[in-house]
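# Per-entry structural report
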Amino acid sequence: MRLFRPALIAAAVVTLVPAGAAHAGVLVNTVGPCADRQMERPFLPWADPFEYVLVQGGTFEGGATSWALAGAAATVAGNESYYVHAAGEGRSLRLPAGSSATSPSTCVGLEHPTLRLFVRNAGATLSTLKVEVRFEDSGGVVRTLPIGVIAAGRAWQPSLPLPVVANLLPLLPGQHTAVQFRLTPQGGGGDWGIDDVYVDPRRSN
């Protein structure tokens, strides 16, 4: 599995307008609780000891009702093969070519630097998965920024950590802003599987 990050991500951070704005938009108004979220170590077998929290609906066990699906995106039978969240789970998200999925709003801050998920691509080898973060500027306008491009094979595997980038909007530790993540297959013939989507809330452990 390979992860390609846009070369100008670091420079793009400079263009982001700090949150804490006077005008709250749809992401802020729909985000869930920022505290008391259950922490897990799902990537410990891959030498990642940090604690993560599950993005709402990120196991897809109850369908994808909290996610916004486009095209032929749908939940299907079959869990990621490591069962890192819970034994006995049996659902995942399928993203064929021409589809996309956008997560519900979730809280991130300076202590939430990365996104990580399980992926596979049962379709065309050259297809990749584009990952974007959606965030609000100080006027409540939703902006979109690419944070990574993933290449994967037919077997389930964890992605490398992707930089959330928009977590830099809050200027002080303990402050938070609302973001969404959008996943989109690129290249004809891709047939992607997505499961167990996490953000890292405590990278400094």
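See the structure above.
Scope of this entry: the structure provided in the associated data block. Note that this is a predicted model, so its numbers are computed, not measured.

For the structure on display, the rule yields eight aromatic pairs. Note on Tyr-82 and Phe-118: the rings are 6.0 Å apart at their centroids and 40° apart in plane angle, and the pair reads as tilted. In this pair, Tyr-82 sits in the loop between β5 (74-77) and β6 (91-96) while Phe-118 sits in strand β9 (residues 114-121), placing the two residues 36 residues apart along the sequence. Following the ring pairs from residue to residue traces out a cluster consisting of Phe-43, Trp-46, Tyr-52, Tyr-82, Phe-118 and Tyr-198. Sitting over the face of the ring of Phe-43, Arg-116 holds its NZ or CZ atom 4.6 Å from the ring centroid.

When the charged atoms of two side chains lie near each other, side chains of opposite charge can form a pair. By the definition in use, this model includes five salt bridges. Between Lys-130 and Glu-132 there is a salt bridge, with its nearest N and O atoms 3.9 Å apart. A salt bridge links Arg-182 to Glu-132; the shortest N-O distance between them is 3.0 Å. Of this pair, Arg-182 sits in strand β14 (residues 177-186) while Glu-132 sits in strand β10 (residues 128-136); the two residues are 50 residues apart in sequence, bridging distant segments of the chain. Each of Lys-130, Glu-132 and Arg-182 takes part in a single network of salt bridges with overlapping partners.

Quick look at unusual backbone geometry now. One non-glycine residue, Ala-47, lies in positive phi territory at about 60°. Residue placement: Ala-47 occurs in the loop between β2 (39-40) and β3 (52-54). The class of Ala-47 is exposed, set by a relative accessible area of 71%. Even without a glycine there, the phi angle at Tyr-83 is positive, about 50°. Position of Tyr-83 relative to the elements: it lies in the loop between β5 and β6.

With that settled, the discussion passes to the pairing of strand β15 (residues 191-200). Counting buried positions along β15 gives nine out of ten residues, so the element sits mostly inside the fold. Where β3 lies against β15, two bridges are found, and the strand directions are antiparallel. Its bridge partner lying in β15, Leu-54 is registered against Tyr-198.

Criteria and cut-off values
- Each chain carries its own residue numbering, running from 1 in the direction its sequence is written.
- For a predicted model such as this one, the threshold for reporting local features is a pLDDT of at least 70, and the threshold for listing and counting side-chain atom pairs is 80 or more; totals across whole chains, interfaces and linings nevertheless cover every residue.
- Hydrogen atoms and water are omitted, and side-chain values are computed over all heavy atoms in the structure.
- Aromatic rings from Phe, Tyr and Trp, taking only the six-membered ring of Trp, are treated as a pair when their centres fall within 6.5 Å; an angle between ring planes under 30 degrees marks them as stacked, one over 60 as edge-to-face, and anything in between as tilted.
- Secondary structure elements are taken from DSSP: a helix is a run of H or I of four residues or more, a strand is a run of E of two residues or more, and numbering for both begins at the N terminus.
- Note on geometry: a ring has a charge over it if NZ (lysine) or CZ (arginine) is within 6 Å of the ring centre and within 35 degrees of the ring normal.
- Just to be clear on terms, a salt bridge is a Lys or Arg side-chain nitrogen sitting within 4 Å of an Asp or Glu carboxyl oxygen.
- Buried means the residue's accessible area, taken with a 1.4 Å probe over protein chains only, is under 20% of the maximum for its type, while exposed means over 50%, and partly exposed covers the values in between.
- Any two strands are treated as partners once DSSP identifies two or more bridges connecting them.

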